[in-house]
Amino acid sequence: MRVMAQMAMVMNLDKCIGCHTCSVTCKQAWTNRAGTEYVWFNNVETRPGQGYPRTYEDQDRWEGGWTLNRRGRLQLKAGGRVKNLLTIFASPKQPSIDEYYEPWTYDYENLTNAPLQEHSPVARPKSLLSGEDMAVRWSANWDDDLGGGPVLTARDPVLRKVSEQVKLEFEQTFMFYLPRICEHCLNPSCAASCPSGAIYKRTEDGIVLVDQDKCRGWRKCVTGCPYKKVYFNHRTGKAEKCTFCFPRVEVGLPTVCSETCVGRLRYIGLVLYDADRVLEAASEPDERKLLAAQRRVLLDPRDPEVVREAERAGIPRDWVEAAQRSPVWRLIHDYELALPLHPEYRTMPMVWYIPPLSPVVDAVQDTGEDAEDAGNLFAAIEALRIPVEYLAELFTAGDTAPVTAVLRRMAAMRSYMRDLNMGRTPDPSIPAGVGMDEASMQEMYRLLAIAKYDERYVIPAAHAEQAHGLEELATECSLDYEGGPGMGGSGPFGEGSGGAFRNDPVAVENFHMLKQRQTADTVTDPGEKRARVNLLNWDGKGAPAGLFPPRGDDGPGGPGASGAAEAQSTGSEIVQPRPAGGEPGGPAGAGPDPGPGGPGGGAGQGGTP
């Protein structure tokens, strides 16, 4: 048993409203710069639909992910080492700008400078690539704009796999949203595809990153990723991808997309897994058994043997305790609600999803029956293979049984909690019918419906002993390249992030201060929660009590001015965000960096798990 830690995410699709706030905030944080206009580390797709880039799930065309060769061994779907080297200078299996979209802006100058005339001037769309006038025909959320109409859904690769009955009736039955980020897989095919070894999986937390110094722009990673979440920056000539907001995660903050999610549908936590089982699980011959195989790779953090092996591998004790409290582990293992996206790609994704129950509820409501009644919902799930077949093609390689089981548990929770909230005696047979007891169902309801911030995001901070050769210089961080998001100046992660001031030092204390501000109950001293500012009782004269820090002996700044100094004094408790490079980044005693294949990732061409 080789225990390793992995940061993972679960999204409850039953709560996603398709507002795209996560996409916009991620865009502002990471890809709001030249060369990445078409890049969306986070995007929200309307399902059924073609996705972004268009038809990315059609691996017969794009050849992403892994497959089993004639001997039953795992190899890249795009071909082995020889084929990849022969096509290294011209890799045809990747989306063109048409599959993404040609980014554009508008000719606002024509609006402001147009002379007085009879007709109103217009702002024509202009390409951000060529600067010429263009006609807008596609974008990252075009399926959403057209409401999943038949013109677009006819090209949905998932919809082509299900029955004709589903194709004929889905427009009257269901539509849901699917947010997507990089899956940070246990067996990443992007890392195995990279000839330069620039993509690697971090030892300490499993986040997959791109070393901008090593990347040579071969774009094999774009072909290798079946989710098409690796992008090419045409200005810098480098590959870029979602970083799981690792500067925030290292100080215990959730990702930007999670922090700003309106529906509170995202959960982040640490899971432990056995790296020695990854290759065996990814090589499971029966695609419908890949879900169970991946679940077996994950280890019970409450098992004393797992705890001992984790500590022996150098995983800090507080990380093990965080894994024991992880909402991701509970949703995947305890409640068995979360499912991986396209397990048949064999990359072992670590962003899981709870399928939406809402389409089934809507179908029951349309009949005029009580959509909260357990009997009605159970009957609808059993009889209505819409959208269960479609959901199964997304999350279980076509096996409808696990999806049905998830929907039954969610339906049971809805019916059981309605009786409880209405003051009626709850029916214990409802949770018993789905293999749960009443206490577990109430705990599941709390986690899915009313869990607080620290319950949804259980993120242990990184340790100083996990970093090697920490440097406080922005030039040492591989994010700080021309056109990159940088790590110096003022930016989306607080002081010390962003690319405005290249000479400012990177101080992780700044990220700790950002966490204090975001989790504090006051606008003054985060440590003093009793200090509240009540503007309702303010008479408008002078300054309201508690709005400003009191002046003390230490100068005009008062006690509040000492915050930066206090933060600077805790250097032994913080960790510099590590550059995405080849320097060893694992915990003490974990051994050298595993290389481009990563721990458990890169079986075949990228390394051996």
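The coordinates are above.
Notes on the structure in this doc start here. Quantities reported herein were computed from a predicted structural model and do not represent experimental measurements. (Residues numbered from 1 in each chain as written. Predicted model: local features only at pLDDT ≥ 70, side-chain atom pairs only at ≥ 80, totals over all residues. Heavy atoms only, no water.)

## A look at a negative patch on the surface
Thought 1: On the surface, D427, D437, E438 and E443 cluster together into a negatively charged patch.
Thought 2: Relative to the assigned elements, E438 resides in helix 23 (residues 438-450). (Patch = residues over 30% accessible without salt bridge, like charges linked within 9 Å, V, L, I, M, F, W, Y side chains within 5 Å. Areas by Shrake-Rupley, 256 points an atom, 1.4 Å probe, with all protein chains shown as cover. Salt bridge = Lys/Arg side-chain N within 4 Å of Asp/Glu carboxyl O. Lys, Arg positive; Asp, Glu negative; His and termini not counted. Charge placed at Lys NZ, Arg CZ, Asp CG, Glu CD. Helix = DSSP H or I, 4+ residues; strand = E, 2+ residues; numbered from the N terminus.)

## Here's the deal with unusual backbone geometry
Thought 1: In this model, R47 is joined to P48 through a cis peptide bond whose omega is -5°.
Thought 2: Secondary-structure assignment places P48 in the loop between strand 2 (43-47) and helix 2 (59-62).
Thought 3: Cis geometry marks the peptide bond from Y52 to P53, where omega comes out at -5°.
Thought 4: With phi around 55°, E63 is a residue other than glycine that occupies positive phi space.
Thought 5: As for its placement among the helices and strands, E63 is situated in the loop between helix 2 and strand 3 (66-68).
Thought 6: Under the relative-accessibility criterion, E63 is labelled buried at 16%. (Buried < 20%, exposed > 50% of the residue type's maximum accessible area, 1.4 Å probe, protein only.)

## Some remarks on the sheet that holds strand 12 (residues 266-274)
Sheet strands pair via backbone hydrogen bonds, and the direction of the pair is either parallel or antiparallel.
Thought 1: Taken together, 5 strands build an open sheet; the order of strands is 13-12-1-15-14 and the sheet is mixed. The open sheet has two free edges, formed respectively by strand 13 (298-299) and strand 14 (339-340), since each of these has just one partner strand.
Thought 2: When strand 1 (residues 3-12) meets strand 12, the two strands line up antiparallel, connected through 9 bridges. Each residue of the ladder has a partner; that of M11, found in strand 12, is R266. (Pairing = 2+ DSSP bridges.)

## Some points on the pairing of strand 12
Thought 1: Of all 9 residues that make up strand 12, 9 are buried, and the element is covered over most of its length.
Thought 2: Neither face of strand 12 is open: one carries R266, I268, L270, L272 and D274, the other Y267, G269, V271 and Y273, and all of them are buried.
Thought 3: Here strand 12 runs beside strand 13; their pairing, made up of 2 bridges, is antiparallel. The partner of Y273 across the bridge, within strand 13, is L298.

## Things to note about the environment of V320
Thought 1: Along the polypeptide, V320 turns up in helix 16 (residues 317-324).
Thought 2: Sequence-distant contacts of V320, defined by excluding residues within four places in its chain, comprise P301, V307, A310 and I315. (Contact = heavy atoms within 4.5 Å.)

## Details of the state of the cysteines
Thought 1: Per the stated rule, a full pass over the model turns up 0 disulfides.
Thought 2: In this structure C242 is not part of a disulfide, and its nearest cysteine sulfur, from C182, lies 5.4 Å away.
Thought 3: Owing to a relative accessible area of 8%, C242 belongs among the buried residues under this scheme.
Thought 4: Here C257 stays free of any disulfide, with the sulfur of C245 as its closest cysteine sulfur at 6.1 Å. (Disulfide = S-S within 2.5 Å.)

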